[in-house]
Amino acid sequence: MKIINRVARSGILTFDLEAFWDGGQIVELDIEPFLFGGLVLREKEYRAHVAGHRWESYDDSHVAVFCSTEAIIPTWAWMLIGSKLRDRARSVSYGRRADLLRDWYTRALTTHDWTKYSDRIVVIKGCGALAVPPSAYLAATLALQGVARKMMYGEACSSVPVWRHPK
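Residues numbered from 1 in each chain as written. Predicted model: local features only at pLDDT ≥ 70, side-chain atom pairs only at ≥ 80, totals over all residues. Heavy atoms only, no water.

Asker: I would appreciate a short explanation of the overall build of the protein in the present structure.
Answerer: In terms of regular secondary structure, the protein is built from 5 helices and 7 strands. When its helices and strands are written in sequence order, the protein yields α-β-β-α-β-α-β-α-β-α-β-β. Taking 167 residues into account, the globule formula puts the C-alpha radius of gyration at 15 Å, and the protein, at 22 Å, lies well above it. Each of the 167 residues in the protein was classed as buried or not, and the buried ones make up 37%. Looking at the protein alone, contacts between residues at least 24 apart form 77% of all its contacts between residues at least 6 apart. With the model as given, the accessible surface of the protein reaches about 10400 Å², and the carbon-plus-sulfur share is 54%. Computed over 22 positive and 18 negative side-chain charges, the separation of the two mean positions in the protein equals 11 Å. (Helix = DSSP H or I, 4+ residues; strand = E, 2+ residues; numbered from the N terminus. Rg over C-alpha atoms; globule rule 2.2 N^0.38 Å. Buried < 20%, exposed > 50% of the residue type's maximum accessible area, 1.4 Å probe, protein only. Contact = heavy atoms within 4.5 Å. Areas by Shrake-Rupley, 256 points an atom, 1.4 Å probe, with all protein chains shown as cover. Lys, Arg positive; Asp, Glu negative; His and termini not counted. Charge placed at Lys NZ, Arg CZ, Asp CG, Glu CD.)

Take a look at the structure:
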């Protein structure tokens, strides 16, 4: 008896969101130590902390910049941090790790060429090793609805129907 792989013959395309991630390390940078008492930004001292910080430790990393206290941080202070990270980090986002991942996937999916999925059945792969944010699944769904014929979630052999183009 010959075994036939019906999934392979089905023409179903798998859309893997994990493939968008470049594998870089994510580092969170809390600016609380740059503040007087962790709460007050004094410009001269803040600039001294920024100038003396070891920015090379962020080389080739994704950096999520945030403040862990309730301090009121002026906009220029975030800009100053960004100016130090621009030529060192792979990416920089305001917020925590989850915010950085959301921003990364938003940029990647906005610029993705979706024509490959035109009038096709697509499975958005789930249950991977990387924690892909739900916002990425939402963005991929919205984009694929514009081109695909049918969309599912999971694996081609075991998927949950999500959407079908109306006939």
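Asker: For this particular structure, what's the right way to read the environment of Leu80?
Answerer: With respect to the secondary-structure elements, Leu80 resides in helix H3 (residues 75-85). Sequence separation between Leu80 and Trp163 is 83 residues; the distance between their C-alpha atoms is 45 Å.

Asker: Would you mind going over the packing of helix H4 (residues 97-110) against helix H5 (residues 134-145) with me for this structure?
Answerer: Relative orientation and spacing of two packed helices are given, respectively, by the angle between their axes and the distance between those axes. Two numbers describe how H4 lies on H5: the axes approach to 9 Å, and their chain directions differ by 15 degrees. The angle between H4 and H5 falls in the class roughly parallel. Here H4 and H5 pass one another in a crossing that is right-handed. For the pair formed by H4 and H5, the contact residues are Arg102, Tyr105 and Leu109 on the first element and Ser135, Ala136, Ala139 and Ala140 on the second. Partitioning the contact of H4 with H5 into residue classes produces 5 nonpolar, 1 polar and 1 charged. (Axes fitted to C-alpha atoms, helices over the stretch in contact; angles between N-to-C directions. Parallel < 35°, antiparallel > 145°, perpendicular 65-115°, else oblique. Left-handed = near helix turned anticlockwise from the far one by under 90°. Nonpolar A, V, L, I, M, F, W, Y, C, P; charged D, E, K, R; others polar.)

Asker: I tried to follow H3 on my own but got confused; where do I start?
Answerer: Every α-helical turn comprises 3.6 residues, leaving residues that sit three or four positions apart pointing alike. By the burial criterion, the buried members of H3 are Ala77, Trp78, Leu80, Ile81 and Leu85. End-on view of H3: buried residues confined to an arc of 155 degrees, all on one side of the axis. Facing away from the buried surface of H3 by more than 90 degrees, the exposed residues are Thr75 and Met79. Packed against the buried residues of H3 are strand S2 (26-30), helix H2 (43-52), strand S3 (62-66) and strand S4 (91-94). (Arc of directions from axis to C-beta.)

Asker: How do you make sense of the pairing of S2 when you look at a structure like this?
Answerer: Both faces of the sheet carry side chains from a regular strand, because those side chains alternate between them. Of the pairings in the sheet, the one linking S2 to S3 comprises 5 bridges and is parallel in character. Bridged to Glu28 within S3 is Ala64. Regarding the hand of the β-α-β motif, the stretch spanning S2, H2 and S3 is right-handed. (Pairing = 2+ DSSP bridges. Right-handed = clockwise from strand over helix to strand, strands pointing away.)

Asker: Can you help me understand unusual backbone geometry in this one?
Answerer: For residues that are not glycine, phi is negative in most cases, and the peptide bond is trans in most cases. You will see that Asp60, though not glycine, has its phi angle at about 65 degrees, which is positive. With respect to the helices and strands, the residue Asp60 is situated in the loop between H2 and S3. Judged by its relative accessible area of 46%, Asp60 falls in the partly exposed class. Phi at Asp119 is positive, roughly 55 degrees, even though this residue is not glycine. Of note, Asp119 is situated in the loop between H4 and strand S5 (121-125).

Asker: Explain the sheet that holds S4 here, please?
Answerer: One key point about sheets: their strands pair by backbone hydrogen bonds, in either a parallel or an antiparallel sense. Taking strand neighbours across the sheet as the criterion, the 3 strands line up as S2-S3-S4 in an open arrangement whose pairing is parallel. Whereas interior strands pair on both sides, the edge strands pair on one side only; in this sheet they are S2 and S4. For this sheet, the mean inter-axis angle between neighbouring strands, taken without regard to orientation, is 25 degrees. Strands in contact with H4 are S2, S3 and S4; relative to S4, the strand with the most contacts, it is inclined by about 120 degrees.

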